[in-house]
Amino acid sequence: MVAATTVEGAARSRFRRDAEAWLAENVSEYWRQHRGALEEAEETRIRAEWDRKLYQGGYAGLSLPVEYGGQGLGLAEEVAFGELAARAQAPDGLGRIGKILTAPTLIAHGTEYQKSTYLQPILSGEHVWCQGFSEPGSGSDLASVACSARRVDGGFLVRGTKTWTSFSRHSHRCLLLARSDESAPRYRNLSLLLLDMHASGVEISPIQQISGSRHFSETHFDDVFVAEEDLVGEEGEGWKMAMTVLANERGAVEGITRYVEIRADMDLLLECCSQPGEAMEQLESLNIRVEIVRTQVSKAVSRQDDEVAFLRSAMVLKVMWSELWQELTSLAAKLSCPVHRAHWRHQYLESRSATIYSGTSEIQRNIIAERVLGLPK
Ligand SMILES: Cc1cc2nc3c(=O)[nH]c(=O)nc-3n(C[C@H](O)[C@H](O)[C@H](O)COP(=O)(O)OP(=O)(O)OC[C@H]3O[C@@H](n4cnc5c(N)ncnc54)[C@H](O)[C@@H]3O)c2cc1C
């Protein structure tokens, strides 16, 4: 047992060392200097190129099976690499939805055809994916989605509108939740489909965010055909599939990346306010909470083999880091550090969305109350 643990520990240390060296060699100084200030087309080019580099370097799909192009490692390596990449200020690849949401969902519920067709292009960076869940009238209450998938010969015709669809303009495929049965009861009337974003009937209207970024859009589907083989799970099982997608979205990999970003913001803020003053107590309290986020990531990773315990840790983690980041950037804006004003302005605006995407804080708290603490509805 001791020997096995030592071998495992040595392999982990080697993995970290190799990854650190690879990142030092591959994250360009140009990106480090100019990130956050690049033209959108240039940023998109760099992010797409990063996906290809990760694949060539053997760092895409670390926890996915080797037969589908992954590395056959575990969540611990995935999280370790996420932390090192964030520290090295590596670009966030365009393929994140494909890698974090689509790939694990297909591993859990996909057919052999779906796994062998879609996983490898996701990992190589050839195919970018988006997530078509939210609608103008359906966000927190995801089970009420109205976008319809009507049965036709050989598949479905999708009609309706999705909104806040991140990366849709660059996407080849969409992981789409649609209502496939008007008469079935709630939670049994949805299906998860793999929709071709280049098919006839797809129209995309970009939306500009308060931070200036234009990474999401409203996406319209006018009788877009989806073949039978692109249905994930059974027809009517969409809610169950969506829960797998959301569990991955709120998971430890996102948590660790955010931890590193928040840690860096915290260090910068401490640097800005090195004189003792009235904000010092607040800073110290925030500083401790940053490290509690790190502990919560480790807790989630240590529970990876117990699906329910993992989900509970991941849910608490999402609320922790998103609210902490907002408090931190609010304090930074209030203290108005003159040297890094542009940075804090950007982070303040960007952090506003963190308590909304992947499920709002209110919804997360409802779920924690009911499913983690067992409180009555
Ligand atoms: C940056 C960003 C990227 C996103 N990317 C995607 C994407 O790629 N794909 C996608 O499908 N979606 C995406 N979203 C959408 C996101 O998932 C939704 O915004 C979110 O689920 C909330 O839904 P909503 O905006 O419709 O708000 P609503 O559901 O209308 O909620 C409005 C307010 O009411 C509160 N509320 C609602 N119901 C309850 C309740 N039962 N109890 C207590 N409070 C409640 C909410 O917490 C919120 O404060 C993205 C959002 C953002 C901000």
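Residues numbered from 1 in each chain as written. Predicted model: local features only at pLDDT ≥ 70, side-chain atom pairs only at ≥ 80, totals over all residues. Heavy atoms only, no water.

(A) Main features of the environment of glutamate 254. Positionally, glutamate 254 belongs in helix α8 (residues 252–272). Between the C-alpha atom of glutamate 254 and that of serine 168, which follows or precedes it by 86 residues, the distance is 20 Å. With sequence-adjacent residues up to four places away left out, glutamate 254 is seen in contact with Arg96, Glu249, Trp321 and Tyr357. Reaching out from glutamate 254, the side chain makes a polar contact with the side chain of arginine 96 at a distance of 2.5 Å. (Helix = DSSP H or I, 4+ residues; strand = E, 2+ residues; numbered from the N terminus. Contact = heavy atoms within 4.5 Å. Polar contact = N/O pair within 3.5 Å; in protein donor to acceptor, adjacent residues only side chain to side chain.)

(B) Layout of the packing of aromatic side chains. On inspection of all chains with the given rule, the structure shows 10 aromatic pairs. Cation over ring: arginine 352 sits above tyrosine 348, and NZ or CZ is 3.9 Å from the ring centre. (Phe/Tyr/Trp six-rings, centres within 6.5 Å; stacked < 30°, edge-to-face > 60°. Lys NZ or Arg CZ within 6 Å of the ring centre and 35° of its normal.)

(C) Fine view of the domain arrangement of the chain. What the domain assignment reports for the chain is domain 1 (2–93), domain 2 (129–241) and domain 3 (250–372). Between the C-alpha centres of domain 1 and domain 3 the distance comes to 22 Å. Facing eight residues of domain 1, the contacting portion of domain 3 comprises 11 residues. Carbon and sulfur atoms make up 77% of the surface buried where domain 1 meets domain 3, a total of about 790 Å² over both sides. Looking at the side of domain 1 facing domain 3, the largest losses of area belong to Leu75, Val79 and Glu83, adding up to 61% of the total buried there. Where domain 1 touches domain 3, the interface holds one salt bridge. The residue glutamate 83 makes a salt bridge to arginine 294 at a minimum N-O spacing of 3.0 Å. (Domains from an automatic or database assignment. Buried area = accessible area lost by both parts, 1.4 Å probe. Salt bridge = Lys/Arg side-chain N within 4 Å of Asp/Glu carboxyl O.)

(D) Quick peek at the site of the ligand. Taken together, 16 residues lie around the ligand, and Ser134, Ser140, Trp164, Thr360 and Glu362 are the ones closest in. Here a nitrogen atom of the ligand and a backbone polar atom of glutamine 131 are 2.8 Å apart. Separating a nitrogen atom of the ligand from a side-chain N or O atom of serine 166 is a distance of 2.8 Å. Only β3 (155–166) and α12 (361–372) provide two or more residues apiece to the shell around the ligand. In the shell around the ligand, the residues fall into six nonpolar, nine polar and one charged. Viewed by domain, the shell around the ligand spans two of them, domain 2 (129–241) and domain 3 (250–372), each represented by three or more residues. (Near = heavy atom within 4 Å. Nonpolar A, V, L, I, M, F, W, Y, C, P; charged D, E, K, R; others polar.)

(E) Molecular detail of the packing of α8 against helix α9 (residues 280–302). With their axes 10 Å apart at the nearest point, α8 and α9 run at an angle of 160 degrees to one another. The angle between the axes of α8 and α9 places the two elements in the roughly antiparallel class. The handedness of the crossing between α8 and α9 comes out as left-handed. Contact with α8, carried on its side by Ala252, Gly255, Ile256, Tyr259, Ile262, Arg263, Met266, Leu269 and Leu270, involves Leu283, Leu286, Asn287, Val290, Glu291, Val293, Arg294, Val297, Ala300 and Val301 of α9 and no other residues of that element. Looking at the contact of α8 with α9 residue by residue, the classes come out as 14 nonpolar, two polar and three charged. (Axes fitted to C-alpha atoms, helices over the stretch in contact; angles between N-to-C directions. Parallel < 35°, antiparallel > 145°, perpendicular 65-115°, else oblique. Left-handed = near helix turned anticlockwise from the far one by under 90°.)

(F) Quick look at the pairing of strand β4 (residues 173–179). Counted residue by residue, β4 has seven buried out of seven residues, so it is predominantly covered. For strand β1 (residues 129–132) and β4, the ladder comprises four bridges, and the chain directions are parallel. Residue pairing across strands places glycine 132 opposite leucine 176, the latter belonging to β4. Bridge count between β4 and strand β5 (residues 190–196): seven bridges; the pairing is antiparallel. Residue pairing in the sheet places leucine 175 in a bridge with leucine 194 of β5. (Buried < 20%, exposed > 50% of the residue type's maximum accessible area, 1.4 Å probe, protein only. Pairing = 2+ DSSP bridges.)

(G) Quick look at the pairing of strand β7 (residues 216–227). With 10 bridges connecting them, β3 and β7 associate as antiparallel partners. Among the inter-strand pairings, threonine 161 is bridged to a residue of β7, identified as histidine 220. Relative to β7, strand β6 (residues 202–207) runs antiparallel, the two sharing six bridges. The residue of β7 that forms the bridge with valine 202 is phenylalanine 221.

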